[in-house]
Amino acid sequence: MLWNDYTVNLMQGGLDALALQQQMILQNLSNADTPGYKAKSVSFENILANQRGAKAGSYTIRATVYEENDPMRPDENTVDADKESILLTQNYIQQMAMYNKISESFSNMRYVFNQFTK
């Protein structure tokens, strides 16, 4: 089968997690000058790896948001704007790669359907 529920759910879960990660990065950047603000990070890669062995029908991907507790500045704000900017760029590249993969999958399906409808 060219397309199955596992693939669809994995891609959707990946995009959802990347969107959450992007939201946290943008929130961190917008609070870079807020005294006492704790930067937030998202962890989801370990859950994506565990999904490979999941039973049929159990394709839930969960992202975990946690706060950075090590103060970087005297005002106890933990946002490192340079780090967040790099993470934002990485997130963008990952999202574009995921969108391209999804687009390629649909193009392949369209090709197959067109072959059978000729």
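This text follows the structure it describes.
Owing to the predicted nature of the structure, the values given are computational and were not obtained by experimental measurement.

A.B. asks: Got a minute to help me understand the overall build of the chain in this structure?
C.D. replies: When its secondary structure is counted, the chain shows three helices and two strands. Counted from the first residue to the last, the chain has its helices and strands arranged as α-β-α-β-α. Taking all 118 residues of the chain together, 26% fall into the buried category. Intrachain contacts of the chain at a sequence separation of at least 6 include 68% that bridge at least 24 residues.

A.B. asks: Help me out: how do you make sense of the pattern of salt bridges in this one?
C.D. replies: A side chain with one charge can pair with a side chain of the opposite charge if their charged atoms come near. Scanning the entire structure with this criterion turns up two salt bridges. For the salt bridge of lysine 40 with glutamate 67, the shortest nitrogen-to-oxygen distance reads 3.8 Å. Note that lysine 40 is positioned in strand 1 (residues 40-43) and glutamate 67 in strand 2 (residues 64-67), a separation of 27 residues in sequence. For glutamate 67, a relative accessible area of 41% gives the class partly exposed. In this structure, the salt-bridge partner of aspartate 75 is arginine 73, at a minimum N-O distance of 3.2 Å.

A.B. asks: What am I meant to see in the environment of glutamate 68 here?
C.D. replies: Structurally, the position occupied by glutamate 68 is in the loop between strand 2 and helix 3 (81-116). The sequence separation of glutamate 68 and alanine 39 amounts to 29 residues, and the corresponding C-alpha distance is 5.3 Å. Excluding its chain neighbours within four sequence positions, the residues that come into contact with glutamate 68 are Lys38, Ala39, Ser41, Thr78 and Lys83. A distance of 2.7 Å separates a polar atom in the side chain of glutamate 68 from a polar atom in the side chain of serine 41.

What counts, and at which threshold
- Residues numbered from 1 in each chain as written.
- Predicted model: local features only at pLDDT ≥ 70, side-chain atom pairs only at ≥ 80, totals over all residues.
- Heavy atoms only, no water.
- Helix = DSSP H or I, 4+ residues; strand = E, 2+ residues; numbered from the N terminus.
- Buried < 20%, exposed > 50% of the residue type's maximum accessible area, 1.4 Å probe, protein only.
- Contact = heavy atoms within 4.5 Å.
- Salt bridge = Lys/Arg side-chain N within 4 Å of Asp/Glu carboxyl O.
- Polar contact = N/O pair within 3.5 Å; in protein donor to acceptor, adjacent residues only side chain to side chain.

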